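# Structural features, examined
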Amino acid sequence: MASIIPNFLFDFGSPNAYLAHKVIPKIEQRTGAKFAYTPVLLGGVFKATGNRSPMEAFAAIPSKLAYEGLETRRFVARHGLAAFRSNPHFPVNTLAIMRGAVAADTLGVFARYVEVVFAAMWEDRRKMDDPAVISETLAAADLPASRLIELTADQAVKNRLIANTTSAVERGVFGSPTFFVGQEMFFGKDRLEQVEEAIVKNG
């Protein structure tokens, strides 16, 4: 049984974070480790680090974007993630749903919230920066939609998301998904094998 707690820093707006999230349970089963999920605001990370999404960074390099798409299709096929769909509303402003993740944690419904919002973004292709769509999505999943939405305006919730994001940047994070095993950082879904190796090594 692994004693180390790997950390997964994520933003719902990242398709690669969704893909990593879907693979994490298999790593947990194999290693006995339980990942700690930390919501961060990717827009804040980008602003602080000068980073940009691949769509923006490689907009003038069509072959690079095409290869990124190929790698995604390979990952999806390798792990049997047939439910994955590109979101036509991408990029989505994730501020409300990331604050919602913090709020969900305070209400004890974090794991369910994460599943529902990731699925809404990358399976059901919903516009998850539209307040009405957010409310409908949460209510349909039997989550306390009104209370969650109310808490996204709570200053303590806002402050916690800011603190998560600031701390992540201070640790060297520049994008999502990012993982920490102890003090060692790994970036991207394609580093999950290395994450697993580090868990086993340090467990």
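In this report, the structure presented in the accompanying data block is examined. (Residues numbered from 1 in each chain as written. Predicted model: local features only at pLDDT ≥ 70, side-chain atom pairs only at ≥ 80, totals over all residues. Heavy atoms only, no water.)

Enumeration over the complete set of coordinates arrives at 14 aromatic pairs. For the ring pair Tyr18 and Phe84, a centre distance of 5.8 Å and an interplane angle of 25° mean the geometry is stacked. With Tyr18 in helix 1 (residues 15–31) and Phe84 in the loop between helix 4 (62–79) and helix 5 (95–107), this residue pair connects regions lying 66 residues apart in the sequence. Each member of the pair, Tyr18 as well as Phe84, is classed as buried. By way of ring pairs, the aromatic residues Phe8, Phe10, Phe12, Tyr18, Tyr37, Phe84, Phe90, Phe110, Tyr113, Phe118, Trp122 and Phe179 are connected into one cluster. (Phe/Tyr/Trp six-rings, centres within 6.5 Å; stacked < 30°, edge-to-face > 60°. Helix = DSSP H or I, 4+ residues; strand = E, 2+ residues; numbered from the N terminus. Buried < 20%, exposed > 50% of the residue type's maximum accessible area, 1.4 Å probe, protein only.)

The next thing to look at is the sheet that holds strand 3 (residues 178–181). As a general point, the strands of a sheet are linked pairwise by backbone hydrogen bonds and lie either parallel or antiparallel. The four strands are arranged 2-1-3-4 in an open sheet whose pairing can be described as mixed. Two strands lie at the open edges of the sheet, namely strand 2 (36–39) and strand 4 (184–187), each paired on one side alone. Strand-to-strand twist of the sheet, defined as the mean angle between neighbouring strand axes without regard to direction, takes the value 25°. Where strand 1 (residues 7–10) meets strand 3, three bridges bridge the pair, whose relative direction is antiparallel. Paired with Leu9 across the strands is Thr178, a residue of strand 3. (Pairing = 2+ DSSP bridges. Axes fitted to C-alpha atoms, helices over the stretch in contact; angles between N-to-C directions.)

Side-chain pairing between opposite charges can occur once the charged atoms of the two side chains come close. As enumerated under the stated definition, the model contains ten salt bridges in all. With a shortest N-O distance of 2.8 Å, Glu196 and Arg30 are connected by a salt bridge. Of the two residues, Glu196 sits in helix 10 (residues 192–202) while Arg30 sits in helix 1, which places them 166 residues apart along the sequence. In this structure Glu196 comes out as buried when scored by relative accessible area, which is 16%. With relative accessibility at 53%, the residue Arg30 sits in the exposed group. (Salt bridge = Lys/Arg side-chain N within 4 Å of Asp/Glu carboxyl O.)

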